[in-house]
Structure formats: C-alpha cells, structure tokens
Amino acid sequence: MTTLAAIRHSLRTYYGPGRAAALDAFHARFLGAGERGFDIGSHVGDRSASFLRLGARALAVEPQPRLARLIRLLHGRSPGFTLVSTLVGAEPGTATLRVNSRNPTVASASPDFIAAAAGAEGWEGQVWDTELTLPVTTLDALAAAHGAPDFLKIDVEGYEAVALSGLSRAPRSLSFEFTTIQREVAAQCLAKLASLGYRHFNACLGEGMAFAHPAPIPAEAMAAWVAALPHAANSGDVYASLEPARLIP
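To continue, consider the pairing of strand 9 (residues 201-205). Within strand 9, four of the five residues are buried, leaving the element largely enclosed by the surrounding structure. Note that strand 9 and strand 10 (residues 235-241) share five bridges and pair antiparallel. Bridging from a neighbouring strand, Cys204 pairs with Asp237 of strand 10.

Have a look at this one:
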C-alpha cells in the first residue's frame, strides 16, 4: 500500500506555499461559482480544493484507498464536494490498478505505461509493487450521476485515452496529462477530442500553469508539438475548450 512518507511528500508538493493561489488564478479561466469540475485522478485533492475555493462544485475521483480516505478527511465536509473511489475507463466493470508505494503519483491501470517507464531515462527506480482490483466507471456514467462537468481534468498515468473513450458529450473545457514516454497516448486523446468537436488546444509543461502557446492551436499542431518535445520535458497537460478565449494566456 501507499506509504505514509510518500503521502506526506505529495502533500508538501501539492499544497506547498503559493501553489493554491497559482492554481486558483489558472483554474478561474475554466470554472466559476456554481459550476462543476471533475478531478479525475485526484491524488491528494489539490485540484478539487482549487475548484472549491472558486465556488465551484468538485467531483474528485481517486481509486487508491488510502488517498481516497485522505481526500475525504481534507474536503469531505466542504459544500459541493463529492468523492468517488473508482477507476475511470471505457466501460463499467473492474480493472487492475498497479500502485507504486514509494511514488503514488504514478499509480496506473495501464500495463503499457508501466512497460514504457521501464528503463526510461528519468524513470529509473520506479517499482509498481502492489496490485488492486477495483471497480471501473465511465465519464458518461459520472456525468449522468452527478451532473455534466463544465471543466474536466484527467490525470491517470497513461490511461487517459481509455478514460476519454467513455465520454460521448464534450464538456466546455478539459485537460489531460501526457508524457514523453507515451506520446502516442496524447495523439489518441487528441483524435478523440477532435471527434467530439474540439478545435482549440493549448498546453502546460510539467506542473506549471503557464500556457506554452501564445494562442490556441488545432489538434494536428498540438500532436506535432508533443511529438517534437525533448524526452526531458517528461510530462505536461493539454487543454481543450469549445471556447478558445479560455486558452489564451
């Protein structure tokens, strides 16, 4: 199971000084009071916390049991907050989550992600040492049960394209994480989003909250940009919106 030391490290990282204000300033372009944000792959709930501070409702989805208990402790009494402790995939059922107890941020239901990380520069020493069989829901099912999101954030370590395959209606805006060890997953996500009607994209590198492009770009250009990134860029988030003004720095 996830170690307490790893959880403490995540709390220091994601609730560090100044981060809340930066998150809120960035998320304000996507969410306002009374609107709804989905935080898929919530980890320690910092994104959900930001949604709540903006006056929005937050649905946190975190399958790791110990992290789910932590999120409930942190935010469970906040008005407008809901926690769902499942995986998100293509269809309802069950799947295996592989947990790295020393680095719970990289828990994944994707065998391909774990294979891609093996031996990759920058991923040395990562060990997925626990397997959990967990229920799977879909983005469509979450929207039906809790209301459609105005902003959808997905960070599920290589399982992003699978999660998006369970989405049939486009939220106003969304984001998904990408890594340079699995650029093909980003390409699959972009193709899915284009099929849902998204035409405007921007991106942030790492945990930064600064757009990499001075104006939104189309899906094909975003796929080419991700493909051309140096390996050392490691990861980032692609943002899509039906309203391109939300993607202007």
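Okay, the packing of helix 2 (residues 19-27) against helix 3 (residues 46-53) next. Look at helix 2 against helix 3: their axes get within 9 Å of each other, and the N-to-C directions meet at 65°. The two elements helix 2 and helix 3 cross, and the hand of that crossing is right-handed. Here Arg19, Ala20, Leu23, Asp24 and His27 of helix 2 come into contact with helix 3, specifically with Asp46, Arg47, Ser50, Phe51 and Arg53. Counted by class, the contact of helix 2 with helix 3 contains three nonpolar, two polar and five charged residues.

If you walk across this open sheet you meet the three strands as 4-6-5, and the pairing is mixed. Bordering the open sheet on either side are strand 4 (87-88) and strand 5 (93-99), each of which pairs with just one other strand. With seven bridges connecting them, strand 5 and strand 6 (residues 130-137) associate as antiparallel partners. Bridge pairing in strand 6 places Thr96 opposite Thr133.

Definitions and limits used
- Residues numbered from 1 in each chain as written.
- Predicted model: local features only at pLDDT ≥ 70, side-chain atom pairs only at ≥ 80, totals over all residues.
- Heavy atoms only, no water.
- Buried < 20%, exposed > 50% of the residue type's maximum accessible area, 1.4 Å probe, protein only.
- Helix = DSSP H or I, 4+ residues; strand = E, 2+ residues; numbered from the N terminus.
- Pairing = 2+ DSSP bridges.
- Axes fitted to C-alpha atoms, helices over the stretch in contact; angles between N-to-C directions.
- Left-handed = near helix turned anticlockwise from the far one by under 90°.
- Contact = heavy atoms within 4.5 Å.
- Nonpolar A, V, L, I, M, F, W, Y, C, P; charged D, E, K, R; others polar.

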